[in-house]
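Here are the chains, one letter per residue:
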Amino acid sequence: MSVATRTTADAHGDVVVLLIGMRVNHFWAVHQWVPVMLAMFRMLAELKKQPSRGLLSRVLLTASPRTYYVVQYWESKEKLYAYASAPDAFHHKAWGKLNRLEKGGKVRGHVGIWHEAYVVPEGSYEAIYGDMPAIGLAAAYGQVPLAARGRYAKDRFAWRA
C-alpha cells in the first residue's frame, strides 16, 4: 500500500501567468484556423529552444472542440513583454501578418484569438498537488513537501520567501 504524497509549488516572489488561446468560429474555414494553431505551436517550440526568453512552463488545454489555450508561467512580465515585441521572435512576425490581413479586409471572423496576463503577488497564490507529477506552477518552479508551506490553504497563502 502506498502513502499519499502531497506537495506544493516552490514559487518565490511574484508569479507571471499568461493565458493565451484561440477559438475556431467556423470549422469549415480550415485554411483560416490551422495556420493560427500552427503558429501557436511554433511559438512554443521557439520558446522551448530559447529558455533565456523567460518561459518557465506551459500547459496546453482545450475547453471544447472549438477552444484551445495555453497556460504559461513566465520569469517576469518584462521577459513576457520582451518576447512579445522582439523583432527576431516568431510572435512579432505572426502579429505583423495578422495586422496586414486585417488592414486588407481579409480577416473574416473564422478564428478568434485572445490572451490574459496576470502578475500575481507573493501571498496571493497557493497550490496543492496530491500524487501528481509537476504540473502548472510546480512545473515552473519545482515542488516541495506540503509541510514546507503549510497544510492548509490559508497557511500557504500567508507564506513569504
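Refer to the structure above for everything that follows.
Parameters and conventions
- Residues numbered from 1 in each chain as written.
- Predicted model: local features only at pLDDT ≥ 70, side-chain atom pairs only at ≥ 80, totals over all residues.
- Heavy atoms only, no water.
- Pairing = 2+ DSSP bridges.
- Helix = DSSP H or I, 4+ residues; strand = E, 2+ residues; numbered from the N terminus.
- Axes fitted to C-alpha atoms, helices over the stretch in contact; angles between N-to-C directions.
- 1 Å grid on protein atoms, 1.4 Å probe; cavity = no way out; pocket = protein on both sides within 12 Å on 5 of 7 lines; lining within 4 Å.
- Points joined across faces, edges and corners; volume = space filled by probe spheres on them.
- Nonpolar A, V, L, I, M, F, W, Y, C, P; charged D, E, K, R; others polar.
- Contact = heavy atoms within 4.5 Å.
- Polar contact = N/O pair within 3.5 Å; in protein donor to acceptor, adjacent residues only side chain to side chain.
- Core = buried A, V, L, I, M, F, W, Y, C linked by side-chain atoms within 4.5 Å.
- Buried < 20%, exposed > 50% of the residue type's maximum accessible area, 1.4 Å probe, protein only.

A. Looking closely at the sheet that holds strand β3 (residues 55-62). Taken together, four strands build an open sheet; the order of strands is β3-β4-β2-β5 and the sheet is antiparallel. On the outer flanks of this sheet lie β3 and β5 (111-120), each paired with one strand and no other. With strand direction ignored, the average angle separating the axes of adjacent strands in the sheet is 15 degrees. Here strand β2 (residues 15-24) pairs with β5 via 10 bridges, running antiparallel.

B. Quick look at the layout of surface pockets. Approximately 1000 Å³ is the volume attributed to the largest pocket. Every residue lining the largest pocket is counted, 39 residues in all, and those nearest its centre are V36, M43, A94, L98 and I113. Mapped onto the lining of the largest pocket, the elements with two or more residues apiece are β2, α1 (30-49), β4 (67-74), α2 (77-85), α3 (90-103) and β5. Residues of the lining of the largest pocket, tallied by class, amount to 26 nonpolar, nine polar and four charged.

C. Summary view of the pairing of β3. The pairing of β3 with β4 spans seven bridges and is antiparallel. Looking at β4, one finds that L61 is bridged to Y69. Where β3 folds back on β4, the antiparallel hairpin that results is connected by four residues.

D. View of the environment of E126. As for its placement among the helices and strands, E126 is situated in the loop between β5 and β6 (129-130). For E126 and R100, which are 26 residues apart along the polypeptide, the C-alpha to C-alpha distance reads 42 Å. Those residues within four positions of E126 in sequence are excluded, and the remaining contacts are A153, R156 and F157. Here the side chain of E126 touches R156 through a polar contact of 2.6 Å, side chain to side chain.

E. View of the nonpolar core. Counting residues in hydrophobic clusters, the biggest one holds 20 residues, and the most contacted among them are M22, W33, W74 and Y83. When residues of this core are traced back to their parent elements, those giving at least two are β2, α1, β4 and α2. If you look at the next biggest cluster of nonpolar residues, it comprises 13 residues, including V15, V71, A127 and A138.

F. Layout of the side chain of H110. Position of H110 relative to the elements: it lies in the loop between α3 and β5. According to the relative accessible area criterion, H110 is buried, its value standing at 12%.

G. Spatial organisation of the side chain of Q72. Turning to its location among the elements, Q72 is positioned in strand β4. On the accessibility criterion, Q72 (6% relative accessible area) is buried. Not counting residues up to four positions away in its chain, the partners in contact with Q72 are V16, V17, L18, I20, L44, L55, S57 and R58.

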